[in-house]
Amino acid sequence: MKIIRSIRKMQQVSRQIAADGKKIGLVPTMGYLHYGHLSLIKKARKFSDVVITTIFVNPTQFGPNDDLNKYPRDEKGDIKKVFDAGGDIVFIPKADHIYPKNYQTYVNVEKITKTFEGTSRPGHFKGVTTIVSKLFNITRPDVAVFGLKDYQQAMVIKTMTSDLDYPVKIIVAPTVREKDGLAMSSRNKYFTTEQRQKAVCLYKALKVAKGEVKKGELDTGKIKRIMRRKIVEICPSAKIDYIAFTDFLSLKPVNKISKDCICSLAARLFGVRLIDNMKMK
Ligand code: PAF
């Protein structure tokens, strides 16, 4: 069990692990870990000999109106959770080491970053692909695990990995949910008890959509209207950002439900922006 803070040291250790013929699994996180992250560590363990979890609140993926400064942090608790979950190494770099003065190189995926989260959070994916690409260079993983909750992010990272020929297998792990269905997220901690109960509205809307599809409804426009009603019924003050039905791989919007269709949605609830998604068939 190791905690590494230096980029050079992490590079040396990764090279040594590879030289010993061992496979590296990477789980990049921004910390404040919950069971969803721990499930990614357990998944990585299945595909690798050494699991590296990174904890880094990446400033370049936050916009000016995002919650960078109040993003929750708990380094001590996180380290314990990682090791309890079977992680081997925690890499915790400093922001000014990752982005030193005069830093000016970014990685940008073009088309699939131009919709949904990309439209709502300009520059967000450029920050994500830049940090993930740097973490790949520092830790040299054989596999890297990302959650399906951030579905567009997972597809953007898959595209970057393939386009830039990184020899890394990307694994997308299922969303872990609270008992009532709310997708686990570090941001859930911002809610009061009463707000938290209402935050389940996104999950309920996705379930309603799935129910409509089961009944034979294929028109995504009609389903979206039903979903909006559900969200507002549970949380009248919700500000829906988007509800989208897209092809799973290409992220192209679809008008009719098909086998490979996923529904994604984002909304601001009591000032907290949440996203969720569900495959429809
Ligand atoms: O999903 C996240 O927590 C972040 O976007 C990631 C992948 C760790 C990059 O900072």
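## A word on the side chain of His34
Reasoning step 1: Topologically, His34 is positioned in the loop between strand S2 (24-29) and helix H2 (35-47).
Reasoning step 2: A polar side-chain atom of His34 sits 2.9 Å from the main-chain amide nitrogen of Gly36.
Reasoning step 3: Residues within four places of His34 in sequence aside, it is in contact with Met184, Ser185 and Ser186.

## Description of the site of the ligand
Reasoning step 1: Every residue lining the ligand is accounted for by Pro28, Thr29, Met30, Asn58, Gln61, Val128, Ile131, Phe146, Asp150 and Gln153.
Reasoning step 2: At 2.6 Å from an oxygen atom of the ligand is found a side-chain nitrogen or oxygen belonging to Gln61.
Reasoning step 3: In this structure, Gln153 approaches the ligand through a side-chain N or O atom, which is 2.7 Å from an oxygen atom.
Reasoning step 4: Relative to its unbound accessible area of 280 Å², the ligand is 88% covered by the protein chains.
Reasoning step 5: Of the residues belonging to the shell around the ligand, the class tally is five nonpolar, four polar and one charged.

## A short note on the pattern of salt bridges
Reasoning step 1: Enumeration according to the criterion identifies 15 salt bridges in this entry.
Reasoning step 2: For Asp88, the salt bridge is made with Arg45, and the minimal N-O distance between the two is 2.5 Å. Of the two residues, Asp88 sits in the loop between helix H3 (75-84) and strand S4 (89-91) while Arg45 sits in helix H2, which places them 43 residues apart along the sequence.
Reasoning step 3: A relative accessible area of 23% means that Asp88 is categorised as partly exposed.
Reasoning step 4: Taken together, the shared-partner salt bridges connect Glu117, Asp241 and Arg273 into one network.

## Quick word on the packing of aromatic side chains
Reasoning step 1: Following the criterion strictly, the structure yields eight aromatic pairs and no others.
Reasoning step 2: Relative to Tyr71, the ring of Phe62 has its centre 5.7 Å away and its plane inclined at 80°; by these criteria the two rings are edge-to-face. The pair Phe62 / Tyr71 is uniform in exposure class, with both members buried.
Reasoning step 3: With a centroid separation of 5.2 Å and 25° between ring planes, the pair formed by Tyr151 and Phe248 is classed as stacked. Placement of the pair is Tyr151 in helix H7 (residues 151-163) and Phe248 in the loop between strand S7 (239-247) and strand S8 (261-269), with a sequence separation of 97 residues. The exposure classification of Tyr151 matches that of Phe248, with both residues buried.
Reasoning step 4: Each residue in the set Phe56, Tyr99, Tyr103 and Tyr106 is aromatic and connected to the rest through ring pairs, giving one cluster.
Reasoning step 5: One cation-aromatic arrangement involves Lys70 over Tyr190; the distance from NZ or CZ to the ring centre is 4.5 Å.
Reasoning step 6: Lying over the aromatic face of Phe248, Lys279 brings its terminal NZ or CZ to 4.3 Å of the ring centre.

Analysis parameters
- Residues numbered from 1 in each chain as written.
- Predicted model: local features only at pLDDT ≥ 70, side-chain atom pairs only at ≥ 80, totals over all residues.
- Heavy atoms only, no water.
- Helix = DSSP H or I, 4+ residues; strand = E, 2+ residues; numbered from the N terminus.
- Polar contact = N/O pair within 3.5 Å; in protein donor to acceptor, adjacent residues only side chain to side chain.
- Contact = heavy atoms within 4.5 Å.
- Near = heavy atom within 4 Å.
- Areas by Shrake-Rupley, 256 points an atom, 1.4 Å probe, with all protein chains shown as cover.
- Nonpolar A, V, L, I, M, F, W, Y, C, P; charged D, E, K, R; others polar.
- Salt bridge = Lys/Arg side-chain N within 4 Å of Asp/Glu carboxyl O.
- Buried < 20%, exposed > 50% of the residue type's maximum accessible area, 1.4 Å probe, protein only.
- Phe/Tyr/Trp six-rings, centres within 6.5 Å; stacked < 30°, edge-to-face > 60°.
- Lys NZ or Arg CZ within 6 Å of the ring centre and 35° of its normal.

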